[in-house]
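Listed below, chain by chain, are the residues.
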Amino acid sequence: MLRSAAWVLAGILLSAASIGETWAQSCCSPATTPTGAIAHPGVRGGSFELGLYAQHYSLAGGRRGTEDFDFPGDRQANAQIMVFAGRVGITDRLSASLLVPLNRRERSDVAFDGVRVSRTYSGLGDIAALGYLRLTKPLSRTEWTVGGGVKLATGKSRAEDDTGELPEELQPGTGANDALITSLFSHAISANFTGSAGFTWRLTGTLTKIDELPNSDEEVVRQFSFGNELLYGIGVAWTPDYRWGFHLGLEGR
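None of the values given here were measured: they were computed from a predicted structure.

Description of the overall build of the protein
- Helix and strand content of the protein: 3 helices and 14 strands.
- A total of 253 residues make up the protein; the buried ones form 37% of that total.
- Taking all contacts inside the protein whose residues are at least 6 apart in sequence as the whole, residues at least 24 apart take part in 62%.
- Roughly 14,300 Å² of accessible area belongs to the protein as shown, and the carbon and sulfur atoms make up 61% of that amount.

In structure tokens form, the structure reads like this:
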């Protein structure tokens, strides 16, 4: 109980310390792994699991026009992310996972001539690898798992279309290696219902872009950082059969 209380307190402190960075991260909706795929209970020793996670989000600009007039600068963006997850149990307490995301991203802007222009891109995102440690006894009603790993810069961060380099929210990758820390606490309420709470803290790296000046051999170095990110949530799962089930949750970012 003391350990659980300490981790809950740590999660609250991390949330309070990361509010500003979280706003910075969500401003451009960069290509980061859905938290549902990261925060996960440990896998039993000697077993292997395959999972598929789907996420959709949309983001609309605050400046909106009317049916007769689109306000210049109005922006709408949406993304669909599919994450393929493979997990292997090394022992009953130690497991590992590999997360491979595929992205489709779209953004439309209203130019100053009133014409809406849409740009899209699809591709492999940033792969994440994590290790997990179960701190509670296997097969107990209460499970507490902590994990850590990295999100690698495997997805493109300088993808282009016929009009030039795409903006950050359309890139399938962030171009930076991130550290990941996660923890999940779950309790079997009954034979078919399980409650859970957890968080994932992403310590983001820096993207470096190097460009050559036109008609010159000089290089311009630009660095970008999306800011750290804390994702947290609670939920309840109903599993009438061990092969499938439903999960209802509330998440914050």
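Some thoughts on the nonpolar core
- Core analysis: the largest hydrophobic core is formed by 10 residues, namely Ala-37, Ile-38, Ile-81, Val-83, Ala-85, Leu-99, Ala-128, Leu-130, Tyr-132 and Leu-180.
- Elements with a contribution of two residues or more to this core: helix H3 (35-38), strand E2 (75-89) and strand E5 (128-134).

Let's talk about the pattern of salt bridges
- Going through the model one piece at a time under the given rule, you end up with 11 salt bridges.
- Taking the shortest distance from any N to any O, the salt bridge between Lys-151 and Asp-178 comes out at 3.6 Å. One end of the pair, Lys-151, is in strand E6 (residues 142-151); the other, Asp-178, is in strand E9 (residues 178-188), with 27 residues separating them in the sequence.
- A residue is classified by how much of its surface remains accessible, and Lys-151, at 0% relative accessible area, is buried.
- When salt bridges with common partners are traced through the structure, they connect Arg-158, Glu-165, Lys-209, Asp-211 and Arg-222 into a single cluster.

Points about a nonpolar patch on the surface
- A surface patch of nonpolar side chains, amounting to about 730 Å² of accessible area, comprises Ile-189, Phe-193, Val-236, Trp-238, Trp-244, Phe-246 and Leu-248.
- Listing elements by their share of the nonpolar patch, those giving two or more residues are strand E13 (229-241) and strand E14 (244-252).
- No other element matches E14, which puts 3 residues into the nonpolar patch.
- Position of Val-236 among the secondary structure elements: in strand E13.

A word on the confidence of the model for the protein
- For the protein, the average pLDDT comes to 79, and 79% of its residues sit at 70 or higher.
- Of all helices and strands in the protein, the one with the weakest mean pLDDT is helix H1 (residues 2-17) (35), whereas E5 scores best (95).
- Note that residues 1-28 has pLDDT below 50 and, in this model, 37 contacts with residues that lie over four places away or in other chains.

Some remarks on the environment of Asn-177
- Topologically, Asn-177 is positioned in the loop between strand E8 (164-165) and E9.
- Measuring from C-alpha to C-alpha, the distance between Asn-177 and Thr-154 comes to 8.9 Å, with 23 residues separating the pair along the chain.
- Beyond its immediate chain neighbours, meaning those up to four positions away, Asn-177 contacts Lys-151, Leu-152, Ala-153, Thr-204 and Gly-205.
- Polar contacts involving the side chain of Asn-177 include one to the main-chain amide nitrogen of Ala-153, which spans 2.9 Å.

Basis of the calculations
- Residues numbered from 1 in each chain as written.
- Predicted model: local features only at pLDDT ≥ 70, side-chain atom pairs only at ≥ 80, totals over all residues.
- Heavy atoms only, no water.
- Helix = DSSP H or I, 4+ residues; strand = E, 2+ residues; numbered from the N terminus.
- Buried < 20%, exposed > 50% of the residue type's maximum accessible area, 1.4 Å probe, protein only.
- Contact = heavy atoms within 4.5 Å.
- Areas by Shrake-Rupley, 256 points an atom, 1.4 Å probe, with all protein chains shown as cover.
- Core = buried A, V, L, I, M, F, W, Y, C linked by side-chain atoms within 4.5 Å.
- Salt bridge = Lys/Arg side-chain N within 4 Å of Asp/Glu carboxyl O.
- Patch = residues over 30% accessible without salt bridge, like charges linked within 9 Å, V, L, I, M, F, W, Y side chains within 5 Å.
- pLDDT = per-residue confidence, 0-100.
- Polar contact = N/O pair within 3.5 Å; in protein donor to acceptor, adjacent residues only side chain to side chain.

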